[in-house]
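Take a look at the letters that make up each chain.
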Amino acid sequence: AQSVTQPDIHITVSEGASLELRCNYSYGATPYLFWYVQSPGQGLQLLLKYFSGDTLVQGIKGFEAEFKRSQSSFNLRKPSVHWSDAAEYFCAVGLDSSYKLIFGSGTRLLVRP
Amino acid sequence: DGGITQSPKYLFRKEGQNVTLSCEQNLNHDAMYWYRQDPGQGLRLIYYSQIVNDFQKGDIAEGYSVSREKKESFPLTVTSAQKNPTAFYLCASRRTLNEQFFGPGTRLTVL
């Protein structure tokens, strides 16, 4: 079955430290890949997306993600976390043959002062 | 500015009542979606519509109904048959290649 896994439910980092959020997917073909961010009580905002080409993609707010086909992963990274990055982050995948997105269960990021 | 609006932001329902959540978009997108979000469970797809006058059930459609009479509008009705409707509801529309844009959400609480 198609699935998206975000193995970390919570992650806590200190402000200024680097960040990596993990995402693994299970699909037969290379999917379209997305990272979204959600602040409490708000909708989801698209951080970045991968469709094809360069496997390292840049997004908004200083985030980047790398697609690794051999590992079926699309991990999100940021070199220096700011307190305003505290939020919940969702990885999502989609297939060209379907209008649907499959979402991971989310990772909640806490930032220590 | 183009975007997706959802109303109301907060909604309270008594047991046995039907309520309708509004979703409007001015992005000229064909496809629209409704998701339910519960703590720790991510997003689950309720219904989606690829084109006007057509819609399909998602993974958790029981107790919900939708209509798509206009391209811009995709209202969701939570019926009394939905046994546990308290949740955060998100509407989205699709541009290309499955890229979805989300509204700000409606929090529904059953009293």
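Please refer to the structure placed before this passage.
Residues numbered from 1 in each chain as written. Chains lettered and ligands numbered in written order. Predicted model: local features only at pLDDT ≥ 70, side-chain atom pairs only at ≥ 80, totals over all residues. Heavy atoms only, no water.

Examining the sheet that holds strand β7 (residues 64-66) of chain B
All names here are of chain B. Taken in spatial order, the 4 strands of this open sheet run β1-β3-β8-β7, and their pairing is antiparallel. Pairing within the sheet leaves two strands with one partner each, and these edge strands are β1 (4-7) and β7. Mean inter-strand twist for the sheet, computed between neighbouring axes without regard to direction, equals 20°. Bridge count between β7 and strand β8 (residues 76-78): 3 bridges; the pairing is antiparallel. The residue of β8 that forms the bridge with V66 is L76. (Pairing = 2+ DSSP bridges. Helix = DSSP H or I, 4+ residues; strand = E, 2+ residues; numbered from the N terminus. Axes fitted to C-alpha atoms, helices over the stretch in contact; angles between N-to-C directions.)

Details of the pattern of salt bridges
Under the defined criterion, the tally for this structure stands at 10 salt bridges over all chains. Salt-bridge contacts for K78 of chain A lead to D85 of chain A; the nearest nitrogen and oxygen are separated by 2.8 Å. Judged by relative accessible area, which is 5%, D85 of chain A ranks as buried. Taken together, the salt bridges that share partners define one network made up of K49 of chain A together with R95 and E99 of chain B. (Salt bridge = Lys/Arg side-chain N within 4 Å of Asp/Glu carboxyl O. Buried < 20%, exposed > 50% of the residue type's maximum accessible area, 1.4 Å probe, protein only.)

Thoughts on the interface of chain B and chain A
Opposite the 24 residues of chain B that make contact, chain A presents 22 residues. Summed over both sides, the interface between chain B and chain A buries roughly 1800 Å², with carbon and sulfur atoms accounting for 57% of that surface. The interface formed by chain B and chain A includes 1 salt bridge. We note a salt bridge from K49 of chain A to E99 of chain B, for which the minimum N-O separation is 2.8 Å. Of all the elements in the fold, those that place two or more residues in the side of chain B that touches chain A are β4 (31-37), β5 (43-51), β9 (87-94) and β10 (100-102) of chain B. (Contact = heavy atoms within 4.5 Å. Buried area = accessible area lost by both parts, 1.4 Å probe.)

Focus: the pairing of strand β10 (residues 87-94) of chain A
Residue and element names in this part refer to chain A. Along β10, 8 of the 8 residues are buried, which leaves the element largely enclosed by surrounding structure. What you see with β10 is no split at all: A87, Y89, C91 and V93 on one side and E88, F90, A92 and G94 on the other are buried throughout. In this sheet, β10 lies alongside strand β5 (residues 32-38) in antiparallel orientation, the contact comprising 7 bridges. For V37, the partnering residue across the bridge sits in β10 and is Y89. Across 3 bridges, the pairing between β10 and strand β12 (residues 107-112) is antiparallel. Bridged to A87 within β12 is L109. Across 3 bridges, the pairing between β10 and strand β11 (residues 101-103) is antiparallel. Counterpart to G94 in the pairing with β11 is L101.

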